Amino acid sequence: MTAKVVITGIGVATPNGLGVDDFWAATRIGKNAIGPVTRFDAAQYPSRLAGEIHSFTAEDHLPSRLIPQTDRMTRLALVAADCAFEDAGVKPGDIPEFDMGVVTASASGGFEFGQNELKKLWSQGSQYVSAYQSFAWFYAVNSGQISIRNGMRGPSGVVVSDQAGGLDAIAQARRQIRKGSKLIFSGGFDASICPWGWVAQVAGGRMTTSDQPERAYLPFDADASGYVPGEGGALMILEDAEAARARGAANVYGEIAGYGATIDPKPGSGRESGLRRAIETALADAELAPGQIDVVFADAAGSPDLDRIEADALTAVFGPAGVPVTAPKTMTGRLYSGAAPVDVVSAVLAMREGLIPPTTNVTLAPEYDIDLVTGQARTASVRAALVIARGQGGFNSAVVVRAVD
């Protein structure tokens, strides 16, 4: 089937905003949310900056019984799911339970929960380890907890492909809608700003060691030195367009119009990255020519070699400076599996307002022949947007989002 799949509800939590209105108010003006790590003492580590969510207290939003059995990322995801339901004007009981599913992405699972329980194991003994450790750390726990809390027993799952996972999960949700499901939650959340998660990220060798929040995460800049990690993400309600119209959906943000994914060849093979092919596949799936894309939300790795690959792919597909490019994640840091779903949210909000949010703090290096939106937001008619995400291990994903009249 090729049914049109649309976004009808959004729940978002990022370092610069909780909820659609707060998030967009901060993003459209370029509000920076990167700062020194406060969730643990990072003084002994080479990287000490992060995008943290400071204004979230799970106990204000969730039943007390859920707190001891969930990691921080799951608490954020559960609250975002509640917000998405409210935004879509749907209650869990409105749709048969087997017609609703959940497909999320995770890059690390519940790292903070796992670290705390392992600490108890080592320092106190196995009898002090929570029974919830058996699932609270797991990659699929967000899908599981959302489905249990909301009585959603339809097709569900989790996608693990690092930062690309958020787009891959959205694509899987679209497939399930086209197979007959009426409503699928999709997106991603990660929150591993804890020593265990930090060591894993430092070991990847891509984090910046800068201590200047405004000069740390600088994709496509001559001073690019790596990325800053962040926490958060977004969940969206996806529905068949006709079904959404029939129920009188209050919000139809946009259509998931195209998707493409590739895996890079083995390092050192001399073969080209698969990113360009992922972009071209997404455009072909959406039946759009490159000239019909109004903005690209870049992966924006922040490492010169990876930025070079992305810039070259964009130039090859769209031509030199052929399309506006932006990376608002410079305000929040890279949110891993949550990053691309947040970019999809930014894309549909950009369509709604006719405004491309800026890539903050960055001065475009002359070697990149792209039209990067820097400094301030740019007024523009946005009818179709391309969102790009890449994950460690060679994952490349691209999604085309299109406006719906």
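About the thresholds
Residues numbered from 1 in each chain as written. Predicted model: local features only at pLDDT ≥ 70, side-chain atom pairs only at ≥ 80, totals over all residues. Heavy atoms only, no water. Salt bridge = Lys/Arg side-chain N within 4 Å of Asp/Glu carboxyl O. Helix = DSSP H or I, 4+ residues; strand = E, 2+ residues; numbered from the N terminus. Buried < 20%, exposed > 50% of the residue type's maximum accessible area, 1.4 Å probe, protein only. Axes fitted to C-alpha atoms, helices over the stretch in contact; angles between N-to-C directions. Parallel < 35°, antiparallel > 145°, perpendicular 65-115°, else oblique. Contact = heavy atoms within 4.5 Å. Nonpolar A, V, L, I, M, F, W, Y, C, P; charged D, E, K, R; others polar. Pairing = 2+ DSSP bridges.

Caption draft 1: Examining the pattern of salt bridges more closely. Tallied over the full model, the rule gives 23 salt bridges. Between Asp305 and Arg206 there is a salt bridge; the shortest N-O distance is 2.7 Å. With Asp305 in helix H10 (residues 304-318) and Arg206 in the loop between helix H7 (195-203) and strand E8 (232-240), the pair connects residues that are 99 residues apart, well separated along the chain. Two residues, Arg383 and Asp405, come together in a salt bridge whose shortest N-O distance is 2.7 Å. Taken together, the residues Arg383 in the loop between strand E14 (378-379) and strand E15 (384-391) and Asp405 in the segment after strand E16 (395-402) connect sequence positions 22 residues apart. Residue class for Asp405 comes out exposed when judged on its relative accessible area of 82%. Each of Asp299, Glu310, Arg334 and Arg390 takes part in one network of salt bridges that share partners.

Caption draft 2: Examining the packing of helix H1 (residues 20-28) against helix H11 (residues 339-353) more closely. Relative orientation of the contacting elements H1 and H11 amounts to 80°, with a least axis distance of 11 Å. Here H1 is positioned roughly perpendicular relative to H11, judged by the angle of their axes. Every residue of H11 that contacts H1 at Val20, Phe23, Trp24, Thr27 and Arg28 is listed here: Val342, Val345, Ser346, Leu349, Ala350 and Glu353. Residue composition of the contact of H1 with H11, grouped by class: seven nonpolar, two polar and two charged.

Caption draft 3: Here's a closer look at the packing of helix H6 (residues 165-178) against H11. The N-to-C vectors of H6 and H11 enclose an angle of 65°; their axes lie 6 Å apart at closest approach. Here H6 is positioned roughly perpendicular relative to H11, judged by the angle of their axes. Contacts between H6 and H11 pair Gly166, Leu167 and Ile170 from the former with Ala340, Pro341 and Val344 from the latter. Grouping the constituent residues of the contact of H6 with H11 by class yields five nonpolar, one polar and no charged.

Caption draft 4: Main features of the pairing of E16. In terms of burial, E16 is largely enclosed, as six of its eight residues are buried. Pairing analysis gives eight bridges linking strand E9 (residues 254-263) to E16, with the strands arranged antiparallel. Across the sheet, Gly260 pairs through a bridge with Ala398, a residue of E16. Across eight bridges, the pairing between E15 and E16 is antiparallel. Bridge assignment links Val387 to a residue of E16, and that residue is Val399.

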